[in-house]
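Listed below are the residues making up each chain.
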Amino acid sequence: MASADATGGGAAESRPVVTRFAPSPTGYLHIGGARTALFNWLFARHHGGKYLLRIEDTDRARSTDAAIAAIHDGLEWLGLGGDEPAVYQFARTARHAEIAQMLLDSGHAYRCYLTPEELAERRALAQAERRPFRIDSEWRDCHAQGPAGTPFVIRIRAPREGETVIDDLVQGRVAVSNAEIDDFVLLRSDGTPTYMLAVVVDDHDMAVTHVIRGDDHLNNAFRQLVILRALGWPEPAYAHVPLIHGADGAKLSKRHGALGVDAYRDDLGILPEALFNYLLRLGWGHGDDEIISREQAIQWFDIAHVGKSPSRFDLAKLQNLNGHYMREADDGRLAHLVAQRIGYDVDLMLLERAMPVLKVRAKDLNELATGARFLIAPGPPPLDAKAEALLSDEARALLGTIHERLEARVDWTSEDLEATLKELAEELGLGLGKLAQPLRAALTGQTTSPGIFDVLVLLGRGESLARIAAQARTAADLDSMKE
RNA sequence: GGCCCCUUCGUCUAGCGGUCAGGACGUAGCCCUCUCACGGCUAAAACACGGGUUCGAUUCCCGUAGGGGUCACCA
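Quick caveat: nothing in here was measured; it's all calculated off a predicted structure.

A. View of helix H17 (residues 432-444). For H17, built from 13 residues, the straight-helix expectation of 18 Å at 1.5 Å per residue is met to within 8% by its first-to-last C-alpha distance of 18 Å. Listed as buried for H17 are Leu 435, Ala 436, Pro 438, Leu 439, Arg 440, Ala 441, Ala 442, Leu 443 and Thr 444. On the buried face of H17, the contacting elements are helix H13 (365-376), helix H14 (385-390), helix H15 (393-407), helix H16 (414-428), helix H18 (452-459) and helix H19 (461-471). Just past H17, the residue Gly 445 takes up positive phi, approximately 80°.

As structure tokens, then:
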């Protein structure tokens, strides 16, 4: 059964690679789901195959159009849209029922008239006696039909002897005794399919060759195999990738903060290429490589190097990566993204011009927007506490001198400004920092900013002079204070 | 609890019988410097534990401990 083929064993090897991402619409694209999608996408791309999408919306209560839209939105943002229009599982219930009937006809399944209440009772009893509960329906070997009109479910007639083995591409060989696999439900009493049936039928009809999904489905794979074998359908190769945990090692949940990729985009100001790279490196590695482009990822990705142990989500590392991608990002694009966050009309051209010196100082779009504030807000900026403290009388007097000197300059280029201020510093016997800091405070309202000459140039002559004047104390001011 | 899976620096990982156990994030220090960043350099930091197998185990096997997953007419 084991195969030397890099794409995995089983009957899958002769068919063209088809993977699929099959989320259930829960309101957003889960960060773990995004990685699963990524792995499926990469695997298909790497092998020149197809990557499909299927929305598991058979749970009507939980599925809303908004939730479905949110998932598509997240996938598109990450560049992980399907190669074909998504399949909606709910639309295929007739097909699912048809297969259930086939299974019934072939004797691989049976009608079970046990009610949910009866089952609950038996479960409770088993619980009380502290023995494992396994459904053992008396209808399994009774070929009679129940009384007409009584509701029934269709259960698989699962083998009880022997064991089932999966050669998982990630987990390796995993064997489970068939005694562990019960006669699970295929078709509910209302005629709708369960997940177990729907997955098998849809994967088959979509010609899926490689099922790459979360570790939490490993146990399901054994059940799905039972159906597959009863049907005599080809078995896909399985790859169960470990889950992503929160920073504390526990399963990722709401209390860990952002769960949906939309939150990383909207709230945390993360770029899609950064999340792509981060998710790729979570659970998968390629030597010492950290910064990996899409193209490179497609070339390098292999299931064999997916780790077997769960990994923890580390926001700091994501942000570091994001900082890297922001520095590489196009200035116009960043200006546009920042303008979007700020929400009101801004000078896009100015923002774009400022971007080279702004973006090296930010690791997400929020910080980028904050850093751009002094440029965007009109007029002299309000002083923060540190800036206020910095602007002593002495410093303000210095600003007066600077203003005087700068006012005489018409050139207003970075080079000229630098020469002028360094000259002044020398004349006064001061370090450049002594001039730059008060200047920075007056110009930006903060004690940190891009290089002071860049700030001066970006703000322009008129605005710069006005801001300096607003904080400067003239010689006359000082004189009047002495009196 | 039954079954299944996992275990290399704090975190993500490289390693696939013999390595000074490598890289990255984070942390600390230094350099660069008008501030903050960027960048560069340096440092501290790991093979969970116990048995085997072997000339030799981080690497292979078995236990222990810890962590995770799963046990629906949910997906």
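Additional details are given in the paragraphs that follow.
B. The protein's contact with RNA strand B, seen in detail. The immediate surroundings of RNA strand B are formed by 64 residues, with Arg 188, Gly 283, Val 360, Arg 361 and Arg 440 found nearest. Within 4 Å of the protein, atoms of RNA strand B come from sugar and phosphate in 71% of cases. At 2.8 Å from a sugar or linking oxygen of RNA strand B is found a main-chain nitrogen or oxygen belonging to Arg 281. At 3.3 Å from a sugar or linking oxygen of RNA strand B is found a side-chain nitrogen or oxygen belonging to Asn 320. Across the surface near RNA strand B, the residue classes tally to 21 nonpolar, 23 polar and 20 charged.

C. Focus on the sheet that holds strand S5 (residues 153-156). Pairing is antiparallel across the open sheet formed by 3 strands, whose spatial order is S4-S5-S8. The sheet terminates laterally at strand S4 (109-112) and strand S8 (185-187), the two strands that pair on one side only. Across the sheet, the axes of successive neighbouring strands diverge by a mean angle of 45°, strand direction being ignored. Note that S5 and S8 share 2 bridges and pair antiparallel. Note that in S8 the partner of Ile 154 across the bridge is Leu 187. Sitting on the sheet, helix H3 (residues 93-105) touches S4, S5 and S8, and the angle it makes with S4 is about 100°.

Calculation criteria
- Residues numbered from 1 in each chain as written.
- Chains lettered and ligands numbered in written order.
- Predicted model: local features only at pLDDT ≥ 70, side-chain atom pairs only at ≥ 80, totals over all residues.
- Heavy atoms only, no water.
- Helix = DSSP H or I, 4+ residues; strand = E, 2+ residues; numbered from the N terminus.
- Expected span 1.5 Å × (residues − 1).
- Buried < 20%, exposed > 50% of the residue type's maximum accessible area, 1.4 Å probe, protein only.
- Contact = heavy atoms within 4.5 Å.
- Near = heavy atom within 4 Å.
- Polar contact = N/O pair within 3.5 Å; in protein donor to acceptor, adjacent residues only side chain to side chain.
- Nonpolar A, V, L, I, M, F, W, Y, C, P; charged D, E, K, R; others polar.
- Pairing = 2+ DSSP bridges.
- Axes fitted to C-alpha atoms, helices over the stretch in contact; angles between N-to-C directions.

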